[in-house]
Amino acid sequence: MGSVGAKEVPVLLSPEGIRVDGRRLDELRPLRVVAGPLHRADGSAFVEWGANKVMAAVYGPREVHPRHLQQNNKAIVQCKYNMAAFSVDERKRPGLDRRSQEISKVIAEAFESVIFAEEYPRTSIDVYIEVLQANAGTRCAGLVAASVALADAGIPMADLVPAVAVGKVAGEIVLDLNKAEDNFGEADLPMALVPQSGRLVLLQMEGHMTREELSRALDMGVKGCHVIYDKMKAALRDRYSAARPTEVAA
Ligand code: UDP
C-alpha cells in the first residue's frame, strides 16, 4: 500500500501484471445474466457482474407519460437509471441527481439507435435500471441488463447492446475496471457496441491516455463486448428454451 495524504492507495498492478482482484489486464469480472426474473414487467433481466448487481425492467410499447413527449411517427425511449441508497459504501442520497440523469440520457440514446421505434408511433418504451449493489461499471451493467430486458419484452431491435468500461491503470490498458481501479486509475472509458454493425453507441472518457492507448483500449473493449454479447444471447436462449418441455409434451 502507498499513501496519498490520509488516503491509502492500493497497489493496482503486481510486477507480473496481475490486478488487485487477481485478473489479467484483458480479463472481465465474472458475469452472470438472467433473462426474465420479474413477472410484472413486460421484460426484465438481472446482471451480476463482479460485485455489481443490477436489475432492469422494461414496459411498453405503452401510452406516453407525460403526454406532450408523444411523437406521431415513432416510439420514444425513456430510461430511468437509479442507484439504491444501500448500493454503495457511503449511503447514496435517494432520488435523481445529475449523475443518474446523465446516465439515463446516454443509455436511452444508445437504445434509440437500435430499437425500431417507427413500428410503434405515439408510444413509449420505458426502461428502468435499478442498481442494487455498485462496484464501478454500473452504467455498462445497466445497458447489458436493459438490452436483455428489451429483448425479453419482445421489442424489435437491430441488435443487443453489450457494454464494458476499459481504462488505464498503473500505466496499462485494462478491461472492465473495478471500483479501486476506477478510483485510483488514470482513465475510465465506458463504451457500448452494436456487434453486428460494429457501431459504438456509447463512448465516454474520464482521465487521460494517448491516442495509441485509446486505440488499444477500444480494441480491447470491442473484444470484451463480444464475450458479453455471447452471455446475453445465452441468457435469452436459456429463458426461452426453458419453455420448450411443455411444448414438447403438448
Ligand atoms: N459511486 C458511489 N456513489 C455515487 C456514485 C458512484 O459510490 O454516488 C461508485 C459506484 O461504485 C460506481 C462507481 O463509483 O459504480 C463509479 O461511478 P461512475 O460514475 O464512474 O459510473 P459507473 O462506473 O458505475 O458507470
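*Asks:* Explain the overall build of the protein to me, please; I cannot follow it from the model alone.
*Replies:* In terms of helices and strands, the protein carries five helices and twelve strands. Against the compact-globule benchmark of 18 Å for 250 residues, the protein has a radius of gyration of 19 Å, which places it among compact chains. Seen along its three principal axes, the alpha-carbon backbone of the protein occupies a region of about 60 × 45 × 35 Å. The buried share among the 250 residues of the protein stands at 47%. For the protein, long-range pairs separated by at least 24 residues make up 65% of all intrachain contacts whose partners lie at least 6 apart in sequence. Approximately 12,800 Å² of the protein is accessible, and the part contributed by carbon and sulfur atoms is 51%. Separation between the mean location of the 31 positive side-chain charges and that of the 33 negative ones in the protein comes to 4 Å.

*Asks:* It is not clear to me how the nonpolar core should be interpreted in this structure. Could you clarify?
*Replies:* Generally speaking, soluble globular proteins have nonpolar side chains that are buried together. Ranked by internal contacts, the top residues of the largest apolar core, which has 66 residues, are Trp49, Phe111, Ile115, Ile129, Leu143 and Leu150. Counting residues per element, this core draws most heavily on helix α2 (residues 138-152), which supplies nine residues. In this view, leucine 150 contacts Val58, Phe111, Ile115, Ile125, Val127, Ile155 and Met157; residues no more than four positions away in its chain are not counted.

*Asks:* What should I look at first to understand the environment of alanine 45 in this one?
*Replies:* Relative to the helices and strands, alanine 45 is located in strand β4 (residues 43-49). Distance in space between the C-alpha atoms of alanine 45 and methionine 55 is 6.0 Å, their sequence separation being ten residues. Residues contacting alanine 45, with those up to four places away along its chain left out, are Val34, Ala35, Gly36, Pro37, Val54, Met55, Ala56, Ala145, Val148 and Ala149.

*Asks:* Would you mind showing me how to read the layout of surface pockets here?
*Replies:* Over the atoms, a rolling probe the size of a water molecule traces out where space has been left empty. The computed volume of the largest pocket comes to approximately 500 Å³. Around the largest pocket sit 24 residues that line it, and Arg99, Arg139, Asp182, Asp188 and Glu206 are the ones nearest its centre. Those elements that place two or more of their residues in the lining of the largest pocket are α1 (98-112), α2, α3 (179-184), β10 (187-194) and β12 (206-207). A total of four residues in the lining of the largest pocket trace back to one element, the largest contributor, which is α3. Its residues assigned to classes, the lining of the largest pocket comprises eight nonpolar, seven polar and nine charged. Here the second largest pocket defines a volume of roughly 280 Å³. Around the second largest pocket, the lining comprises 15 residues; the ones closest to its centre are Gln78, Cys79, Lys80, Ser104 and Val127. It is strand β6 (residues 76-83) that provides the largest number of residues to the lining of the second largest pocket, a total of five residues.

*Asks:* Whenever I open this one, the site of the ligand confuses me. Can you help?
*Replies:* By nearness alone, 13 residues border the ligand, and Arg99, Ala136, Gly137, Thr138 and Arg139 come closest of all. Between the ligand and the protein, one listed contact pairs an oxygen atom with a backbone N or O atom of alanine 136 at 2.7 Å. Between the ligand and aspartate 182, the relevant distance is 3.4 Å, taken from an oxygen atom to a side-chain nitrogen or oxygen of the residue. Burial of the ligand by the protein amounts to 78% of the accessible area it has alone, namely 500 Å². According to the grid-proximity analysis, the pocket containing the ligand is the largest pocket.

*Asks:* Can you walk me through α2 in this structure?
*Replies:* Every α-helix winds through 3.6 residues per turn, so residues three or four apart in the chain are directed the same way. In this model, α2 (15 residues) spans 20 Å end to end at C-alpha, consistent with the 21 Å of a helix rising 1.5 Å per residue. One or two positions beyond α2, positive phi appears at glycine 154, with a value near 75°.

*Asks:* I tried to follow the side chain of aspartate 159 on my own but got confused; where do I start?
*Replies:* You can see aspartate 159 is positioned in the loop between α2 and β8 (163-169). Despite being buried, aspartate 159 has no salt bridge partner; lysine 233 is the closest side chain of opposite charge, sitting 6.9 Å away. A polar contact of 2.7 Å, which involves the side chain of aspartate 159, links it to the side chain of tyrosine 229. Contacts of aspartate 159, omitting those with residues within four sequence positions, involve Val114, Val194, Pro195, Gln196 and Tyr229.

*Asks:* Any chance you could explain unusual backbone geometry here in plain terms?
*Replies:* Glycine aside, residues mostly have negative phi angles, and peptide bonds mostly take the trans form. Following glycine 60, the chain continues into proline 61 via a peptide bond in cis, with omega recorded as -5°. Relative to the assigned elements, proline 61 resides in strand β5 (residues 52-62). Phi is positive for arginine 122, which is not a glycine, with a value near 60°. Residue placement: arginine 122 occurs in the loop between α1 and β7 (124-133). One non-glycine residue, alanine 136, lies in positive phi territory at about 75°. Counting through the fold element by element, alanine 136 comes out in the loop between β7 and α2.

What counts, and where the lines are drawn
Residues numbered from 1 in each chain as written. Predicted model: local features only at pLDDT ≥ 70, side-chain atom pairs only at ≥ 80, totals over all residues. Heavy atoms only, no water. Helix = DSSP H or I, 4+ residues; strand = E, 2+ residues; numbered from the N terminus. Rg over C-alpha atoms; globule rule 2.2 N^0.38 Å. Buried < 20%, exposed > 50% of the residue type's maximum accessible area, 1.4 Å probe, protein only. Contact = heavy atoms within 4.5 Å. Areas by Shrake-Rupley, 256 points an atom, 1.4 Å probe, with all protein chains shown as cover. Lys, Arg positive; Asp, Glu negative; His and termini not counted. Charge placed at Lys NZ, Arg CZ, Asp CG, Glu CD. Core = buried A, V, L, I, M, F, W, Y, C linked by side-chain atoms within 4.5 Å. 1 Å grid on protein atoms, 1.4 Å probe; cavity = no way out; pocket = protein on both sides within 12 Å on 5 of 7 lines; lining within 4 Å. Points joined across faces, edges and corners; volume = space filled by probe spheres on them. Nonpolar A, V, L, I, M, F, W, Y, C, P; charged D, E, K, R; others polar. Near = heavy atom within 4 Å. Polar contact = N/O pair within 3.5 Å; in protein donor to acceptor, adjacent residues only side chain to side chain. Sits in = over half its atoms within 2 Å of the grid points. Expected span 1.5 Å × (residues − 1). Salt bridge = Lys/Arg side-chain N within 4 Å of Asp/Glu carboxyl O.

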